[in-house]
Amino acid sequence: EAVTKLNTLQSNAQTLEKIRKQGGKRSEQNVPNMIKFAERVGISLDDVDKLSIIHVSGTKGKGSTCAFCESILRHQGYKTGFFSSPHLVEVRERFRIDGIPISREKFTNYFWDVLGKLEKTKKSAEDPMPAYFAFLTVMSLHVFLKEKVDVAIMEVGIGGQYDSTNLVRKPVVCGVSSLGLDHTSILGETIDKIAWHKAGIFKPGVPAFTSLQQEAALNVLQNRAKEIGCPLTIVPSLPMLDSNGDDITLGISGTMQRHNAALAVQLCKVWTDSRQKDQSQQEAPSEDDNNHQFILNHTEVKTLPTAVTEGLRQCRWDGRDQRIHKTGVSYYLDGAHTLESVQQCIEWFKTSSAEESKQISGRVIRILLFNSTGDREANVLIEPLVDCGFDAAVFCPNILFSTSNTVDATNLTVTKESQLNRVLANMLLFERLAVKKLQQQKHEKESTQTDTSCSAAKKSKLDNDSLENGDNSQHTVCMIEDSVITKDFPCISSALTWATQGREPNTSLQSFTEVPSKLRNAEHIQILVTGSIHLVGGVIGLIGSE
């Protein structure tokens, strides 16, 4: 009931389109409005100042960086609070105390407490209520204050300058993870514009750290730091070994995680240094303050405390370079949704799946399950995936079942029709790119004709039947010459049933049809799920997490 009520705060698709056309002109009011919402709940800025906050923005890896921070500080004995977004399966995952999502009972109690205070303080029917993410941000402050956490780790939602979390005015330290092109309709279409927003969380006198960045992004970060008056330091990647030759093992897979882990180690070092000082005598650090210099430098990592290395090793962040192994099928899950993150995902998948295949005596087939959402350019994400040697590519929306969705996975910001159209567009794009690759390899014009006729048949089927019926599961499977098999589905459940050939017990068997002979009788099936963190969350929600 609480989550159903929460979902009413989501902006519908029509409202969001109107906001996009306005070019984000209302975004400057986000933080002032957040302060008002917090005050209506009984949380003043002075109350927010009492929280000891690590604030992290970025395009790629900000969630992983926060997860590393949380794990490191928890292993050092501190009571941690962690506010993240989005959630994978249940919305309560966004609020973690000591690394564990708050219970359903606590979520319900805190939710109604915050909602009730907001509704009671409405002066008129026109008085605004916070939108979905703004409400959750206010609720996170309420939760952390009530739970009396030692540290509150706050992950920015979108951007930074105008993000709901940026009502925080006195964080202990700020971090910026790797930057790239994402949410371009809101933040701008160039890396320098995006960097401007991300640096918006910097505060005067508060130390800030950034992972290695593109030159254009770094220039903006440095200029903004100078304007705001905060010391900014670049953090090098974390090597495999420390200066004693001891392994530095990470609990999250992927090469990029060494950048995120390094940033987290530095943020935690600054936070613990600050914690150990007498708060009443603490002065704002300056660029000349050496108290925070440095566990990391460009040549070596000094010996890390055992609690820090254990925090890094035992950190868990589902849906990022995650493998779930079951009998006859393995799921490779990564919510990559930018070019750089997809490239890293491919590198991880190729290496990890090849290692697994060596342990399997029979035939192994590889299947891609993909979706992309929002303003992301699907061709940028799909093109590198075409070269992965998949036996089949499956496309579906972020909808669990064709007839329903769980309340935690409900998304009112897009229509079902638009999602199905996007799925079809993604599939047709994959086919065209696969044919292009085939042409380059074999110089055969027949591939283009195969692509055209197959794609046209699918498009005609969708136009005539699927949008009207809300179900496109009966499409004919398309085999592009000797290239990859493609198929689209109306929901995650039917897509997984087909991809696993019925081996996944937690999905329906209603769509277990039309599996080509090329895919049958495999000893093992490897499925890469990527393109959308919401798709990954839907899959985890259905199959369970190890």
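Criteria and thresholds
- Residues numbered from 1 in each chain as written.
- Predicted model: local features only at pLDDT ≥ 70, side-chain atom pairs only at ≥ 80, totals over all residues.
- Heavy atoms only, no water.
- UniProt positions renumbered as here; feature names shortened; annotations may be inferred.
- Pairing = 2+ DSSP bridges.
- Helix = DSSP H or I, 4+ residues; strand = E, 2+ residues; numbered from the N terminus.
- pLDDT = per-residue confidence, 0-100.
- Contact = heavy atoms within 4.5 Å.
- Axes fitted to C-alpha atoms, helices over the stretch in contact; angles between N-to-C directions.
- Left-handed = near helix turned anticlockwise from the far one by under 90°.
- Nonpolar A, V, L, I, M, F, W, Y, C, P; charged D, E, K, R; others polar.
- Buried < 20%, exposed > 50% of the residue type's maximum accessible area, 1.4 Å probe, protein only.
- Core = buried A, V, L, I, M, F, W, Y, C linked by side-chain atoms within 4.5 Å.
- Polar contact = N/O pair within 3.5 Å; in protein donor to acceptor, adjacent residues only side chain to side chain.
- Phe/Tyr/Trp six-rings, centres within 6.5 Å; stacked < 30°, edge-to-face > 60°.
- Lys NZ or Arg CZ within 6 Å of the ring centre and 35° of its normal.
- Salt bridge = Lys/Arg side-chain N within 4 Å of Asp/Glu carboxyl O.

Within an unreviewed UniProt entry, the label attached to the protein chain reads Folylpolyglutamate synthase, and the organism entered is Magallana gigas. Of the protein chain, the UniProt comment under Function (unreviewed entry) reads exactly: "Catalyzes conversion of folates to polyglutamate derivatives allowing concentration of folate compounds in the cell and the intracellular retention of these cofactors, which are important substrates for most of the folate-dependent enzymes that are involved in one-carbon transfer reactions involved in purine, pyrimidine and amino acid synthesis." Recorded in UniProt under Pathway (unreviewed entry), the annotation for the protein chain is "Cofactor biosynthesis; tetrahydrofolylpolyglutamate biosynthesis."

**What to know about the sheet that holds strand 4 (residues 100-101)**
An order of 4-3-2-5-1-6-7-8 is seen for the 8 strands of this open sheet, with the pairing classed as mixed. With one partner strand each, in any of the chains shown, strand 4 and strand 8 (232-235) form the two edges of the open sheet. In this structure, strand 1 (residues 53-57) lies alongside strand 5 (residues 151-155), joined through 4 bridges in parallel fashion. Paired with I53 across the two strands is A152, which belongs to strand 5.

**Considering the confidence of the model for the protein chain**
Confidence in the prediction for the protein chain averages 83 pLDDT; 78% of positions are at 70 or higher. Across residues 12-16, confidence stays below pLDDT 50; counting only partners more than four residues off in sequence or on other chains, it has 8 contacts. Every residue in residues 282-294 scores below 50 in pLDDT, and together they form 19 contacts with partners more than four places removed in sequence or on other chains.

**Description of the UniProt feature "binding site: Mg(2+)" (unreviewed entry) in the protein chain**
As recorded in UniProt, the feature "binding site: Mg(2+)" (unreviewed entry) lies at S85, E155 and H183. Checked against the element boundaries, E155 lands in strand 5. For E155, the contacting residues outside a window of four places in its chain are V56, K62, G63, C66, F83, S84, S85 and T165.

**Details of the packing of helix 9 (residues 191-198) against helix 10 (residues 215-228)**
Contact pair helix 9 / helix 10: the axes reach a minimum separation of 8 Å and the direction vectors enclose 35°. As helix 9 packs across helix 10, the resulting crossing turns out to be right-handed. Residues I191, D192, A195 and W196 of helix 9 pack against A216, A217, V220, L221 and R224 of helix 10. Partitioning the contact of helix 9 with helix 10 into residue classes produces 7 nonpolar, no polar and 2 charged.

**Some thoughts on the environment of S164**
By the secondary structure assignment, S164 is in the loop between strand 5 and strand 6 (173-176). According to the relative accessible area criterion, S164 is buried, its value standing at 10%. Residues S164 and V31, spaced 133 residues apart in sequence, show a C-alpha to C-alpha distance of 5.9 Å. Excluding anything up to four places from it in sequence, S164 contacts M34, F133, A134 and T137.

**Some remarks on the side chain of R258**
Looking at the element boundaries, R258 is found in helix 11 (residues 257-276). Using a relative accessible area of 12% as the deciding quantity, one classes R258 as buried. Residues contacting R258, with those up to four places away along its chain left out, are S237, L238, P239, M240, I248 and L250.

**A word on the nonpolar core**
Of all hydrophobic cores here, the largest spans 39 residues; its most connected members are L6, F107, F135, M139 and F144. Those elements that place two or more of their residues in this core are helix 1 (2-7), helix 3 (30-40), strand 3 (95-97), helix 6 (104-120), helix 7 (132-147) and strand 5. Among the elements that make up this core, the one with the highest residue count is helix 7 (10 residues). Those residues in contact with F107 that sit more than four places away from it in its chain are A2, V3, L6, V91, R92, F95, I102 and M139.

**Topic: the UniProt feature "binding site: ATP" (unreviewed entry) in the protein chain**
Per the UniProt entry, the sites bearing "binding site: ATP" (unreviewed entry) are R320 and D334 in this numbering. Counting through the fold element by element, R320 comes out in the loop between helix 12 (306-314) and strand 9 (322-326). Look past the residues within four positions of R320 in its chain and what remains in contact with it is S64, L88, I252, L333, D334 and I533. Only 2.6 Å separates the side chain of R320 from the backbone oxygen of D318, close enough to count as a polar contact. In this structure, D334 sits in the loop between strand 10 (329-333) and helix 13 (339-358). With relative accessibility at 6%, the residue D334 sits in the buried group.

**Here's the deal with the packing of aromatic side chains**
Tallied over the full model, the rule gives 15 aromatic pairs. One aromatic cluster is present, formed by F83, F95, F107, F111, W112, F133 and F135 through successive ring pairs. Note that R224 overlies the ring of W196, its terminal NZ or CZ placed 4.2 Å from the centroid.

**Describing the pattern of salt bridges**
Taken as a whole and judged by the stated rule, the model has 17 salt bridges. R169 is the partner of D46 in a salt bridge, and the nearest nitrogen-oxygen pair spans 2.8 Å. Here D46, found in helix 4 (residues 45-50), pairs with R169, found in the loop between strand 5 and strand 6; they are 123 residues apart in sequence, far enough to count as distant. For R169, a relative accessible area of 36% translates into the label partly exposed. Taken together, the salt bridges that share partners define one network made up of D46, D49 and R169.

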